[in-house]
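# Working through the structure, step by step
Next come the chains, spelled out residue by residue.
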Amino acid sequence: MRANRLLPSAFFLGVVLLAGWRALAATATPNIPVLVPITGFLAAEGGSQRNGALLALRDPPAGVRPQFNVTDTGTSPEGAVNALERALSDGQPSAVVASMLGTQMLAMLPIALEEKVPLITMSGTADITRKGNPYVFRFFPTDSVVKGAQVRYAIDAFHIARPAVIAQTTAYGQSGQAELIKALSAAGITPVYQDALDVSVKDMRPVLAKARAAGADSLLLQLHAGPTALLLKAAAAMNLGLPIVAGSGLAQPSTVALLDPAEIKGVCAETGSSPISAETPAMQSFVARYRAAFGADPDGFALGQYDATMMVLQAVAHGAGDAAAVTKALASESYPGLAMTYASDGHGNMAHSAVIVCYDGVSPIPKIARHYDFPADSP
Amino acid sequence: MIGLQLLVQVLALGAAYGLVALGFVLILNATGAVNFSQGDLVMAGGFVAVALGDRLHLPGLVLLPLLIAIMAALGAAVALVAYMPLRARPPEAVFISTIAVGIILQNGANRLFGAEPLAAPPLLGVGPGGGQVRFAGVTASVQSLAIIAVAALLIAALHGLFVHTQFGRRLRATAQDREVAMAVGIPVDRMIVGTFAVAAALAGAAGLLLSNVFFVVPTSGGDYILKAYIAVVIGGWGSIPGAIAGALLIAAFEVIYPSLPLLLPALNALPDSDGWFSQTVSTVMLNLAVLLILFVRPRGLFGEPIGQRP
């Protein structure tokens, strides 16, 4: 009697265990280490990169359960190389979320090539995709894309003819300045004033006064976040009254938080994406989840790294079982992310769109003024 | 008018740099050791000001006494942890220990406040800015004028402390000759801890003044220690008036050199005038001036000359 009662229970338990085992066997468990700078001078941007990756890794597509560890690479190439070697010693990763710092990427590239592991990054350094390394994938628009959008918008919206170009002396600033000059030159425009500022420069009034004295009709900026805020504060205090199209430093919510909205009335900026402007329900959902998880507003780096990580996870969900298959998927497939549709140009450049955002002087949240899409084979 | 405008900017920037350099010199005189964490104490002061501003919603001027007290306690702690146990060791040990303190402060700030730039409240008011005033054809921010006034008051208070109080006289005696000070019964160890406290308080005040206008990030200290070091080298190793003069000179190079074509329009006729008077060349010129001063006056502008009797 008792055996009769137990039999159905045992059968049911067996069915449940079998189903569980089959489900477990069908679940992919890719190893995706996150190696980003979360201390040092790039900690703010690296923190955004980490958060974007974590949001994707914690909420992967069905059938994928990623394993991941976050390692702080600091800002030295040695820190990045050590972090990558340690990650590799833990087992072959399917892909690595890699630092956005160009010098660290350049140091990691030979190891990625040797170990045949794809690196997904937000680094803007042009050289990383010029070395013929098939294992690097950049999900942030290159300088030629965003600077092209910055110049096009300045011409379209403000009809600039005599711009002043103010950049930083860092690699980021110089690379962007060169692209700005190239794009202006293509439009037949020569800047009336150019200057490059060290990141330690505190007083921006002299450079603004010289730009005005040179007869500039607009300012095109390529500055890091803090100097962007300093310059815009000074411009507002001087009542400069010139159209300003800034670099992506301004599009970071933390930069805008340093400024009174009135100080950036009418100022615009280029960026890969502006998640807080949340144009679509999917983007609004992303922003809400990000705020709930990290208590902060996401920026373009967070969104780009989220999209990059989701592209890898989708590839795994569709059967990419190892690093080689993930590399092939990244190199050959396109992915409709939240910010844009990503596809490799054959060199690992995945992002080919940029947006221009503008501030109305009241809200710290910018409005998207224009989208620019550049063909993958342009610049 | 532009000359007066630039002068206000130089004084505001130089006054804040002067506070950083003063703290650096005080410890140098009292211990003979270079405190490489002085810049990071400025950064810490900036973040403490941000934290106090967020919680208390009071103007910076009201927060200043509390900030000074907190930073003085931090300075005393730095002395007890990074200097006192190593005071009998070679000076390199203190260099390294203060560098370690700086790194700990940087990473602590990163952990507590994050890596994004933050702004402390202005001295007057609690909003992001402090307003503008116009006088004699010059437009200046209230914050810039308040920085000049507060820094001048702090320097005067420091002078009063050293000249008119027993504590100050003991500090000076310790700085001049530790052995003799000890021999006459001055508690030298306590005086050294007191010097670290005063230096950190000055750094904290500088942090509050600078971080409203120029923001603060965990890595800000590196820039400030470099400026303090250059100011002290220019002014004369260990000279208090020299440190202030050196700080003003740095500010003058940062503000006036790039503006020379505006002050003297004839300079615009020079080939590549923009290049010659750029911010980058201004930094090069400042450091060439440092080399020149060291060549002509190796002890700095206010340093005592060294000579040998025939």
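See the structure printed just above.
The structure reproduced in this document is the subject of the present report. (Residues numbered from 1 in each chain as written. Chains lettered and ligands numbered in written order. Predicted model: local features only at pLDDT ≥ 70, side-chain atom pairs only at ≥ 80, totals over all residues. Heavy atoms only, no water.)

## As for the state of the cysteines
Residue and element names in this part refer to chain A. The line we're drawing: Note on terminology: pairs of cysteine sulfur atoms within 2.5 Å are recorded as disulfides. Numbering of helices and strands runs from the N terminus, with a helix taken as a DSSP run of H or I at least four residues long and a strand as a DSSP run of E at least two residues long. The rule is simple: take the accessible area with a 1.4 Å probe, protein chains only, and divide by the maximum for that residue type; under 20% is buried, over 50% is exposed, in between is partly exposed.
Going through the model one piece at a time under the given rule, you end up with one disulfide over all chains. Each sulfur of the disulfide joining Cys 268 and Cys 358 lies 2.1 Å from the other. A torsion of 105° about the S-S bond marks the disulfide between Cys 268 and Cys 358 as right-handed. In this pair, Cys 268 is assigned in strand β10 (residues 268-271) and Cys 358 in strand β13 (residues 353-358), connecting sequence segments 90 residues apart. You can call Cys 358 buried: its relative accessible area is 15%.

## Regarding the nonpolar core
Applicable threshold: To form a nonpolar core, buried Ala, Val, Leu, Ile, Met, Phe, Trp, Tyr and Cys residues must be joined to one another through side-chain atoms within 4.5 Å. Residue contacts are defined here by distance: any two heavy atoms, one from each residue, within 4.5 Å place the two residues in contact.
Ranked by internal contacts, the top residues of the largest apolar core, which has 128 residues, are Leu208(A), Leu219(A), Leu221(A), Leu231(A), Leu232(A), Leu250(A) and Leu210(B). No other element matches helix α8 (residues 188-214) of chain B, which puts 16 residues into this core. Here Leu221(A) is in contact with Lys147(A), Gln150(A), Ile166(A), Leu180(A), Leu231(A), Leu232(A), Ile244(A), Val245(A), Ala246(A) and Gly247(A), once residues within four sequence places are set aside. Formed by 44 residues, the second largest nonpolar core is a distinct cluster that contains Ala53(A), Met100(A), Ala278(A) and Tyr335(A).

## Some points on the interface of chain B and chain A
For clarity, the threshold we go by: As a working definition, buried area equals the accessible area (1.4 Å probe) given up by two parts on being put together, with both sides summed. The salt bridge criterion pairs a side-chain nitrogen of Lys or Arg with a carboxyl oxygen of Asp or Glu, the two atoms within 4 Å. Any pair of nitrogen or oxygen atoms within 3.5 Å is treated as a polar contact; in protein, a donor-acceptor pairing is required on top of that, and neighbouring residues in sequence qualify only through side-chain atoms on both sides.
Chain B puts 32 residues into the contact, and the matching count from chain A is 30 residues. Interface of chain B and chain A: buried area, both sides summed, is about 2,500 Å²; carbon and sulfur atoms make up 60% of it. When the buried surface of chain B facing chain A is broken down by residue, Phe215(B), Asp274(B) and Gln279(B) rank first, second and third, together holding 22% of it. Asp223(B) is the salt-bridge partner of Lys202(A), the closest N and O atoms lying 3.4 Å from each other. Summed over the shared surface of chain B and chain A, the number is five residue pairs in polar contact (both at pLDDT 80 or more).

## Let's talk about the environment of Asp360(A)
Residue and element names in this part refer to chain A. Within the secondary structure layout, Asp 360 lies in the loop between β13 and β14 (367-373). Residue classification places Asp 360 among the partly exposed positions, given a relative accessible area of 33%. In contact with Asp 360, other than residues within four places in its own chain, are Lys 265 and Lys 367. There is a polar contact of 2.8 Å between the side chain of Asp 360 and the backbone nitrogen of Val 362. At 2.9 Å, the side chain of Asp 360 and the backbone nitrogen of Ser 363 are in polar contact.

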